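Residue strings, one per chain:
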Amino acid sequence: MKASLTYLTSDEESVSREIPKTLSIENLVSNCHISLVSFLRRRLRVGEDARDVAQEAYIRLMQYEGSKDVKSPESLLFRIAINIANDLGRADKVRHLADHCDIDGLEFDSGIASPEREVSASQQLDLLYATIEQLPPKCRQVFLLSRFQNMTYPQIAVHCGISVKMVEKHISRALAICAAKSS
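These lines cover the structure that appears in this document, whether it is placed above or below. Just so it is clear, the model here is predicted, and its values are computed rather than measured.

This paragraph deals with the overall build of the protein chain. Along the protein chain, the regular secondary structure elements total 8 helices and 0 strands. Counting helices and strands in the order they occur from the N terminus, the protein chain gives α-α-α-α-α-α-α-α. Sorting the 183 residues of the protein chain into buried and exposed places 23% on the buried side. Pairs at least 24 residues apart make up 58% of the contacts formed inside the protein chain by residues separated by at least 6 positions. Carbon and sulfur atoms make up 55% of the accessible area of the protein chain, which amounts to about 13700 Å² in all.

Here it is, written out as structure tokens:
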């Protein structure tokens, strides 16, 4: 009796070796989904990505549907998922995803000044013009040549017939007076 059981067992083993199983994605998903998603949650930085990676792994695994060459479908599925997770990690590094921030609560400047800001700027500009008009004539001329004509100090010195050192003094004096009036 023992001999016949052994005989049947060895026949069953030889039969199973002769007829390779075909890969069924449906069976693999139903058997491995929970463990795959759990594995991916531990592996990925963002746990919500686990289901997306698993879904992508199933899609890539579809090319093997019905194949008889796959010896360990579970290993293949997990290897594909690991590769996708690694690709996702590399893509995040390239995009510096960790440096991104949520913009929902932020206020943005439209680039258009508010009416209050326009009035304030206009008043400050009027004050600056009045201050420049009150500068001594030579100081005002040197300052205007420097700031509005973009002349260099040596050019101003030649134009006004004064030394470069005197141009520097006039500019310093004009800036000090303007700063004192604006504050």
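The next point concerns the nonpolar core. Within the largest apolar cluster, 21 residues are counted, with the highest numbers of intra-cluster contacts made by Leu36, Leu40, Val53, Leu61 and Leu77. Listing elements by their share of this core, those giving two or more residues are helix H2 (25-43), helix H3 (49-61) and helix H4 (73-94). When residues no more than four places from it in sequence are discounted, the contact partners of Leu40 are Ala50, Val53, Ala54, Ala81 and Ala85. Counting residues in each nonpolar core, the second largest holds 7 residues, with Ile156, Ala157, Cys160 and Val167 among its members.

On to a nonpolar patch on the surface, then. Residues Ile103, Leu106 and Phe108 make up a contiguous nonpolar surface patch of roughly 330 Å² in combined accessible area. Mapped onto the elements of the fold, Phe108 is located in the loop between H4 and helix H5 (115-133).

Glancing now at unusual backbone geometry. Positive phi is not limited to glycine here, since Asn150 has a value of about 55°. Counting through the fold element by element, Asn150 comes out in the loop between helix H6 (137-147) and helix H7 (153-160).

So, about the side chain of His170. With respect to the element layout, His170 can be found in helix H8 (residues 164-182). Each residue touching His170, except ones within four places of it in the same chain, is listed here: Lys138, Cys139, Val142 and Ile162.

The subject of this paragraph is the packing of H6 against H8. Between H6 and H8, whose axes approach to 9 Å, the crossing angle comes to 90°. Taken together, the axes of H6 and H8 lie roughly perpendicular to each other. Residue-level inspection shows Lys138, Cys139, Val142, Phe143, Ser146 and Arg147 of H6 in contact with H8, the latter providing Val167, His170, Ile171, Arg173, Ala174 and Leu175. Among the residues forming the contact of H6 with H8, the class breakdown is 7 nonpolar, 2 polar and 3 charged.

A separate point is H3. Here H3 contains 13 residues, and its C-alpha end-to-end distance of 18 Å stays within 8% of the 18 Å for a straight helix at 1.5 Å per residue. If you check which residues of H3 are buried, you get Asp49, Ala50, Val53, Ala54, Ala57, Tyr58 and Leu61.

A complete count under the given rule lists 2 salt bridges for this structure. When the shortest N-O distance is used, the salt bridge between Glu168 and Lys165 registers 3.9 Å. Residue Glu168 and its partner Lys165 are both found in helix H8; the two are separated by 3 residues, about one turn of the helix. On the basis of relative accessibility, which here comes to 32%, the residue Glu168 falls in the partly exposed class. For Lys165, a relative accessible area of 56% puts it in the exposed group.

Moving on to the environment of Lys138. Examined against the element boundaries, Lys138 turns out to sit in helix H6. On the accessibility criterion, Lys138 (33% relative accessible area) is partly exposed. In this structure Lys138 touches Cys160, Ile162 and His170, once residues within four positions along its chain are discounted. Polar contacts involving the side chain of Lys138 include one to the main-chain carbonyl oxygen of Cys160, which spans 3.3 Å.

What follows is about H2. When the terminal C-alpha atoms of H2 are compared, their 23 Å separation across 19 residues is substantially less than the 27 Å that a helix rising 1.5 Å per residue should span. Along H2, the sharpest change in direction is near 60° and occurs at Cys32.

Cut-off values and rules
Residues numbered from 1 in each chain as written. Predicted model: local features only at pLDDT ≥ 70, side-chain atom pairs only at ≥ 80, totals over all residues. Heavy atoms only, no water. Helix = DSSP H or I, 4+ residues; strand = E, 2+ residues; numbered from the N terminus. Buried < 20%, exposed > 50% of the residue type's maximum accessible area, 1.4 Å probe, protein only. Contact = heavy atoms within 4.5 Å. Areas by Shrake-Rupley, 256 points an atom, 1.4 Å probe, with all protein chains shown as cover. Core = buried A, V, L, I, M, F, W, Y, C linked by side-chain atoms within 4.5 Å. Patch = residues over 30% accessible without salt bridge, like charges linked within 9 Å, V, L, I, M, F, W, Y side chains within 5 Å. Salt bridge = Lys/Arg side-chain N within 4 Å of Asp/Glu carboxyl O. Axes fitted to C-alpha atoms, helices over the stretch in contact; angles between N-to-C directions. Parallel < 35°, antiparallel > 145°, perpendicular 65-115°, else oblique. Nonpolar A, V, L, I, M, F, W, Y, C, P; charged D, E, K, R; others polar. Expected span 1.5 Å × (residues − 1). Polar contact = N/O pair within 3.5 Å; in protein donor to acceptor, adjacent residues only side chain to side chain. Bend = angle between axes of the 7 residues up to and from the residue.

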